[in-house]
Amino acid sequence: MRRRIKEETVLFISVIKWLLLATIVGIIVGLSTTIFLKILNWGIAATNQHRYYFLLMPVAFLFSALIIKYLAPDAEGHGTEKVIEAIHKRSGKIKAIVVPVKLVTTIITIALGGSAGKEGPCAQIGAGLSSVFADIFKFDDHDRRKLVICGISAGFASVFGTPIAGAIFGVEVLFIGAILYDVLLPSFIAGIISYHVSSALGITYFYHPINFVPVFSEWFFLKVVAAGIFFGLCSAFLIEMLKRFSDLSHRIRIWEPLKGVIGGTFLIAMALLFSKEYLGLGLDTIQNCLNGTKTVWYAFILKTIFTSTTLNFGGSGGIVTPIFFIGSTAGSLFASIFGLDVATFSAIGLVSVLAGAANTPIAASIMAMELFGTTIAPYATVACVVSFLITGHRSVYPSQILAMRKSESINVETGKEIQEIFAEAKPRAKSLTELIIKVFRKAR
């Protein structure tokens, strides 16, 4: 008779297996993120020495679109979305060519002024290398999928220096309203290892403790809730603008790379008309807001337009860094209107718009603690959850699967990609008076 293997033995072997695999993924992604960030920083430093470096944006977008079109169409837009799509539709299968293409096109885009982020490329590069690793060692679809999710977590953790938030982001971003607990352990391991590898290789991270913490009161709590509503509306605005610019791009029936010339030219005009601060990563503006410096009230609107143009007209890069810009400037505006501390609400806005736009309230709440300290956590968490609900059934990642309704008063089909669903309010229930009258008439 065959000896029956105990459950604990199987689980122990599984833990050891994923400890080793996630560690390998973390090392690979930490190394690749370091290479990417160092080249990107070098490129930005080189181009920013010239006052009108952004005049080359049409050429940059043209070149980026050419490379993507003929070498790796999956590298188009912001990388995390393509990874989510690969996980849901192809068990995490990602072509190896995506990795160098995404690296090159993102550096070209951002260094020459394109408004995009650096986390999407790191997530896509990390996920792509994890997929290649799985193919080399002949892992099945289930294991490849888990490794690719680890790649997302590790990429996010190592690019922002937030290992816990990065791990949670990887398992939360795939489904709206559900977390993949079976990938939680390897995601944590991959994120932590990747973060420490990048740190050891010289990558420095942003950490900005918020010192202002008001005495708790019901009135201040209501202001935080109101801020969450406002940030949710900002998230919805960003999502809708990305969709509108995508529709506009598809309506222009010309050779795809030429759209890059159109987009780059438009952004040059916008930069000359308004300011260069909306180009590139925009880290200086984010830092200024977190230091308490007020910005123009329309800053978050302009950054939304710059980013929507970049990602839909030839540019390549991530979406989270622009979200940080939009959130922090929106927080500055909210604080200025209501006479609140600009630094505090810029920090809350930074994570709340991420929670709403990406549908990741837990990862965003943890990120608030990792970036700004624990004192702001209760307020940031409330605002993140409110923003997540107010944004509705939409996302900057159209391939996310809807696993829950954000309100039982809304008719929406779960289990589908967010881009395929239509949400509408349920028919209004009859009032109590109408029901009483109806019952009385029947009784007669």
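Everything below is about the structure shown above.
By convention here, each chain's residues receive numbers from 1 onward along its written sequence. Given that this is a predicted model, residues contribute local features only at a pLDDT of at least 70 and side-chain atom pairs are listed and counted only at 80 or more, while totals for whole chains, interfaces and linings are drawn from all residues. Side-chain metrics in this entry use all non-hydrogen atoms of the structure; hydrogen atoms and water are not considered.

Asker: Please set out the overall build of the protein residue by residue, giving values where relevant.
Answerer: Strands are runs of DSSP state E lasting at least two residues, helices are runs of H or I lasting at least four, and both sets are numbered from the N terminus onward. Along its length, the protein carries 17 helices and four strands. Judged by the C-alpha coordinates and their principal axes, the protein covers about 80 × 80 × 50 Å. In this scheme, a residue with accessible area under 20% of its type's maximum is buried, one over 50% is exposed, and one in between is partly exposed, where area comes from a 1.4 Å probe on protein chains only. Burial status across the protein gives 55% buried among its 444 residues.

Asker: Before we move on, could you go through unusual backbone geometry and cite the residues and values that matter?
Answerer: Located in the positive-phi region is S91, a residue other than glycine, with phi close to 55°. On the basis of relative accessibility, which here comes to 23%, the residue S91 falls in the partly exposed class. If you check the backbone angles, N359 has positive phi at about 60° while not being a glycine. Note on placement: N359 falls in the loop between α14 (342-358) and α15 (361-372). By relative accessible area, which is 1% here, N359 ends up buried.

Asker: If you had to explain the packing of helix α6 (residues 141-160) against helix α7 (residues 163-172) to someone new, which residues and values would you point to?
Answerer: Packing of α6 against α7 brings their axes to within 7 Å, and their N-to-C directions diverge by 145°. Seen from above, α6 lies across α7 with right-handed handedness. Residues I149, I152, S153, F156 and A157 of α6 touch α7, and the partners they reach there are P163, G166, A167, F169, G170 and V171. Between N-to-C directions, angles cover 0 to 180 degrees, with each direction set by a line fitted to C-alpha atoms, over the stretch in contact for helices. Note on convention: the crossing is left-handed when the near helix lies turned anticlockwise from the far helix by less than a right angle, right-handed when the turn is clockwise. The contact definition used throughout considers only heavy atoms, calling two residues in contact when any of these lie within 4.5 Å.

Asker: Which residues make up the nonpolar core, and what are the values?
Answerer: Here the nonpolar core consists of buried residues drawn from Ala, Val, Leu, Ile, Met, Phe, Trp, Tyr and Cys, with membership extended through side-chain atoms lying within 4.5 Å. Of all hydrophobic cores here, the largest spans 124 residues; its most connected members are F345, V351, M367, F372 and Y397. Dropping the residues within four chain positions of it, V351 is found in contact with A364, M367, A368, F372, A380 and C384. Core analysis: the second largest hydrophobic core is formed by six residues, I176, F388, L402 and V412 among them.

Asker: Give a description of α6 that names residues and reports values.
Answerer: Here, expected helix span is obtained from the residue count minus one, scaled by 1.5 Å. Between its first and last C-alpha atoms α6 spans 29 Å; for 20 residues at 1.5 Å apiece the expected length is 28 Å, and the two agree. For α6, a buried count of 17 out of 20 residues is recorded, marking the element as mostly surrounded by other parts of the structure. Backbone geometry just downstream of α6 places G161 in the positive-phi region, at approximately 70°.

Asker: Would you mind going over the packing of aromatic side chains in detail, with residue names and values included?
Answerer: Note on aromatic pairs: the rings of Phe, Tyr and Trp (six-membered ring only in Trp) are paired at centre separations within 6.5 Å, and the planes decide the class, stacked below 30 degrees, edge-to-face beyond 60, tilted for the rest. The full count for this structure, using the stated rule, is 21 aromatic pairs. Residues Y53 and F54 carry aromatic rings whose centres are separated by 5.9 Å and whose planes lie at 90° to one another, so their mutual orientation is edge-to-face. Taken individually, Y53 and F54 each receive the classification buried, so the pair is uniform in this respect. Each ring, one from F334 and one from F338, has its centre 4.8 Å from the other, and the planes form 45°; the classification is tilted.

Asker: Provide a residue-level description of the packing of α7 against α15, including the pertinent values.
Answerer: In contact at an axis separation of 8 Å, α7 and α15 are set at 175° when each is read in the N-to-C sense. Relative to α15, α7 is oriented roughly antiparallel. Between α7, through P163, I164, A165, I168, F169 and E172, and α15, the contact on the second element is made entirely by P361, I362, A363, I366, M367 and E370. In this count, Pro and Cys sit with the nonpolar residues alongside Ala, Val, Leu, Ile, Met, Phe, Trp and Tyr, while Asp, Glu, Lys and Arg are called charged and the others, Gly among them, polar. Among the residues forming the contact of α7 with α15, the class breakdown is 10 nonpolar, no polar and two charged. Any angle that is under 35 degrees is reported as roughly parallel, and any over 145 degrees as roughly antiparallel; angles of 65 to 115 degrees are reported as roughly perpendicular and all others as oblique.

Asker: I'd like to hear about the side chain of S130, residue by residue, with values.
Answerer: Mapping S130 onto the fold places it in helix α5 (residues 119-136). Within 3.5 Å is the distance limit for a polar contact, defined as a pair of N or O atoms, with the added protein rule that one can donate a hydrogen and the other accept it, and that residues adjacent in sequence qualify only through two side-chain atoms. At 3.5 Å, the side chain of S130 forms a polar contact with the backbone oxygen of L147.

Asker: Please set out the environment of Y181 residue by residue, giving values where relevant.
Answerer: Examined against the element boundaries, Y181 turns out to sit in the loop between β1 (175-176) and α8 (184-200). For Y181 and V171, which are 10 residues apart along the polypeptide, the C-alpha to C-alpha distance reads 7.6 Å.

Asker: So what's going on with a nonpolar patch on the surface? Residues and values would help.
Answerer: A contiguous nonpolar patch, built from F12, I13, V15, I16, L19, L20 and L185 and spanning about 640 Å² of accessible area, is present on the exposed surface. Along the chain, the position of I16 falls in helix α1 (residues 7-47). Given a relative accessible area of 34%, I16 falls into the partly exposed group. Grouping into patches uses exposed residues only, defined as over 30% relative accessible area, and leaves out salt-bridged ones; the cut-off is 9 Å for like charges and 5 Å for nonpolar side chains (Val, Leu, Ile, Met, Phe, Trp, Tyr). Each accessible area is a Shrake-Rupley result for a 1.4 Å probe, and residues are judged covered by the shown protein chains and nothing else. Salt bridges are defined by distance alone: a side-chain nitrogen of Lys or Arg within 4 Å of a carboxyl oxygen of Asp or Glu.

Asker: Please provide a residue-by-residue account of the pattern of salt bridges, values included.
Answerer: One pass over the full model with this rule turns up 10 salt bridges. Note that R394 is salt-bridged to E240, the shortest N-O span being 3.2 Å. Pair noted here: R394 is in the loop between α16 (377-390) and β2 (401-402) and E240 is in helix α9 (residues 218-251), with a separation of 154 residues, a long-range link. For R394, a relative accessible area of 30% gives the class partly exposed. E240 sits in the partly exposed class, given a relative accessible area of 31%. Among the salt bridges present, the one from D247 reaches K243, with a minimum N-O distance of 3.4 Å. Of the two residues, D247 and K243 are both situated in helix α9; the distance of four residues between them amounts to about one turn of the helix. Accessibility expressed as a relative area gives 30% for D247, which makes it partly exposed.

Asker: Before we move on, could you go through the state of the cysteines and cite the residues and values that matter?
Answerer: Count a disulfide wherever a pair of cysteine sulfur atoms falls within 2.5 Å. Overall, the coordinates contain zero disulfides when judged by the stated rule. Note on C122: no disulfide assigned, nearest cysteine sulfur contributed by C150 at a separation of 16 Å. Judged by relative accessible area, which is 1%, C122 ranks as buried. Here C384 stays unpaired: no disulfide links it, and the sulfur of C234, its closest cysteine neighbor, is 13 Å away.

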